[in-house]
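Structural overview
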Amino acid sequence: MRGNFGFMNTLTLFLPCAAGVEGYLADEVHALTGLVGHDLLTSRGGVLARASWRDALRLNLHSRLAQRVLVQLNERPYRNEQDLYALASDVAWEIWFTPRQSFKVEVTAQHSPLQSLNFAALRVKDAVADRFRAKTGVRPDVQTRWPDVRIHLHLTSDHAQLYIDTSGEPLFKRGWREDKGDAPLKETLAAAMIAATGWDPHADDPLPLYDPCCGSATVVIEAAQMACRIAPGSQRRFAFEKLLPYQEHVWFAIKEEAASAVCKPVAAIFGSDISHRMVDFGQRNAERAGVAHALQLRGGDALQRMPPVAQPGIILLNPPYGERIAAAGSFGRNARERMGQVHMRGREQAQTEDGGDFFQQLATHWKRHYSGWQAWMLTPDLELPGKMRLKASRRVPLWNGPIECRLLRFDLVAGSARRPRAGTAEGDRPTDTTAPGAADGT
């Protein structure tokens, strides 16, 4: 039976995120909840928030940067698997779910001395099942593929933390992306890229935003939803809907509040891609995301596309590199379709159809036609500014899955080629600049 849970006003939430995103996520959580000081702490790999159950629901619905919203249920030092059994035995699981529901235990670890994480998960599972049997006479089932409830155990060298997951599927799964290319960008990383630029679609005179290598349009769709104030989780379900504290009328009110905030966009948002197939994918994704009216997608080579609007704005792109397929500029007509899953050797070896380096030609094109614009590019190649003969005014550490990257900012000026000084390699660069609290991702 669902009732009033007074303790739900004093929960400890942990919102994990990609390395480098912690500071931006803390700013987002503050904007959504008003939490400050000791109630909102940034740590490596995520943000801790002392908040309410209602806050947990709102963060699931509205966060663009968090991977999940976890509720911390217990923590303590540990030495062996029996300590983990005791840790889980002390949790009142019966106030979170019933023995008729299935559950799964997932384990992550950093420098744990335990030989088997699978055995650690088994001991936590036994503790949960044994507590239910002692309280109700019934043991809940374990379901590894589609559980009703997900329990997370995180281990360091000597400390264990136990969480219950309120999100279910990772939050980057917004519910609108059905069409995607071979190297899709996660929605959470796209949102982090936008946050790092400082782009504000609700400023008095918002800057235009343009992705010339948009692929299936992840970056511009995230931007358009921000411009329309559409909650990123408005089209999906969440794990908290199966937990006992869930109250349908509370969740309905939160969603209604979010729906009433949707507005007509003011910012101009554009995307283009050399593959017309990808542009079609992006258009269908935009329609499902409810923002087809809020952006413009076109086919075209990034090396030839002229500015989509007269007012200088922000160029934001995730071009091809290393473990991503060749995708951005003119590799010949309909290059993506012809090259398929061809991978590039090294980090940045995208070649244009005339044999030139894509990034050098892109820099030349920008200097000729995009004077006054800010160009932000995500890349793992720290030497790329020297190769492009452009000076990066900012270098924001971000991780694209397992790939350590930098989001580089170039302030474009006509003829702004950077010539290396005598005795200085082109790859020499200024110190990395990060947001307050952002980790370097190393």
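Scroll up a little and you will see the structure.
The notes below deal with the structure included here.

Criteria and cut-off values
Residues numbered from 1 in each chain as written. Predicted model: local features only at pLDDT ≥ 70, side-chain atom pairs only at ≥ 80, totals over all residues. Heavy atoms only, no water. Helix = DSSP H or I, 4+ residues; strand = E, 2+ residues; numbered from the N terminus. Buried < 20%, exposed > 50% of the residue type's maximum accessible area, 1.4 Å probe, protein only. Polar contact = N/O pair within 3.5 Å; in protein donor to acceptor, adjacent residues only side chain to side chain. Lys, Arg positive; Asp, Glu negative; His and termini not counted. Salt bridge = Lys/Arg side-chain N within 4 Å of Asp/Glu carboxyl O. Contact = heavy atoms within 4.5 Å. 1 Å grid on protein atoms, 1.4 Å probe; cavity = no way out; pocket = protein on both sides within 12 Å on 5 of 7 lines; lining within 4 Å. Points joined across faces, edges and corners; volume = space filled by probe spheres on them. Nonpolar A, V, L, I, M, F, W, Y, C, P; charged D, E, K, R; others polar. Pairing = 2+ DSSP bridges. Right-handed = clockwise from strand over helix to strand, strands pointing away. Axes fitted to C-alpha atoms, helices over the stretch in contact; angles between N-to-C directions. Expected span 1.5 Å × (residues − 1).

Description of the environment of Pro 184
Mapping Pro 184 onto the fold places it in the loop between β7 (159–165) and α5 (187–197). For Pro 184 and Ser 216, which are 32 residues apart along the polypeptide, the C-alpha to C-alpha distance reads 7.4 Å.

Details of the side chain of Asn 60
On the secondary structure map, Asn 60 appears in helix α2 (residues 53–62). Residue Asn 60 is classed as buried on the basis of its relative accessible area, which comes to 2%. For Asn 60, the side chain forms a polar contact with the side chain of Ser 167, separated by 2.5 Å.

Concerning the side chain of Arg 236
Looking at the element boundaries, Arg 236 is found in the loop between α6 (218–228) and α7 (248–260). An unpaired buried charge is present at Arg 236: no salt bridge exists, and Glu 169, the closest side chain of opposite charge, is 6.7 Å distant. Polar contacts involving the side chain of Arg 236 include one to the main-chain carbonyl oxygen of Ser 167, which spans 3.0 Å. A polar contact is formed between the side chain of Arg 236 and the backbone oxygen of Lys 173, at a distance of 3.2 Å. Not counting the four nearest positions on each side in its chain, Arg 236 is found in contact with Ser 167, Gly 168, Glu 169, Pro 170, Leu 171, Lys 173 and Arg 174.

Quick notes on the layout of surface pockets
In this structure, the second largest pocket encloses a volume near 790 Å³. Contributing to the lining of the second largest pocket are 26 residues, with Glu 28, Ala 31, Leu 32, Arg 64 and Met 226 lying nearest its centre. Mapped by element, the contributors of at least two residues to the lining of the second largest pocket are α1 (22–33), α2, α5 and α7. Among the elements that take part in the lining of the second largest pocket, α1 stands out by supplying five residues, more than any other. For the lining of the second largest pocket, the per-class residue count stands at 16 nonpolar, three polar and seven charged.

Section: the pairing of strand β9 (residues 269–273)
Burial runs high along β9: five of the five residues are buried. Where strand β8 (residues 209–211) lies against β9, three bridges are found, and the strand directions are parallel. Considered in β9, the bridge of Asp 211 is made with Gly 271. Bridging between β9 and strand β10 (residues 296–299) involves four bridges; their strand directions are parallel. Within β10, the position partnered with Asp 273 by the bridge is Gly 299. Crossover handedness for the path β9 to helix α8 (residues 276–288) to β10: right-handed.

A short note on the sheet that holds strand β12 (residues 374–379)
Across the sheet, which stays open at both edges, the seven strands sit in the order β10-β9-β8-β11-β12-β14-β13 with mixed pairing between neighbours. Edge positions in the sheet fall to β10 and β13 (392–400), since each has one partner strand and no second. Each neighbouring strand pair of the sheet contributes to a mean axis angle of 20 degrees, computed without reference to strand direction. Here β12 runs beside strand β14 (residues 403–411); their pairing, made up of six bridges, is antiparallel. The residue of β14 that forms the bridge with Ala 375 is Phe 410. Sheet strands in contact with α8 are β9 and β10, and its direction is about 165 degrees off that of β10.

Things to note about the pattern of salt bridges
Here the structure, examined in full by the defined rule, presents 20 salt bridges. Here Arg 123 ties to Asp 126 by a salt bridge, and the two come within 3.3 Å at their closest N and O atoms. Note that Arg 123 and Asp 126 are positioned in helix α4 (residues 117–136) at a spacing of three residues, about one turn of the helix. Taken as a pair, Arg 123 and Asp 126 share a single burial class, namely buried.

Structural notes on helix α10 (residues 358–369)
Here α10 is twelve residues long and its end C-alpha atoms lie 16 Å apart, about the 16 Å a rise of 1.5 Å per residue gives. Listed in full, the buried residues belonging to α10 are Phe 358, Phe 359, Leu 362, Ala 363, His 365, Trp 366 and Lys 367. Close packing links the buried residues of α10 with β11 (314–317), β12, α11 (384–388) and β14. Among the residues of α10, the N-terminal cap falls to Asp 357, whose side-chain oxygen and the backbone nitrogen of Phe 359 are separated by 2.9 Å.

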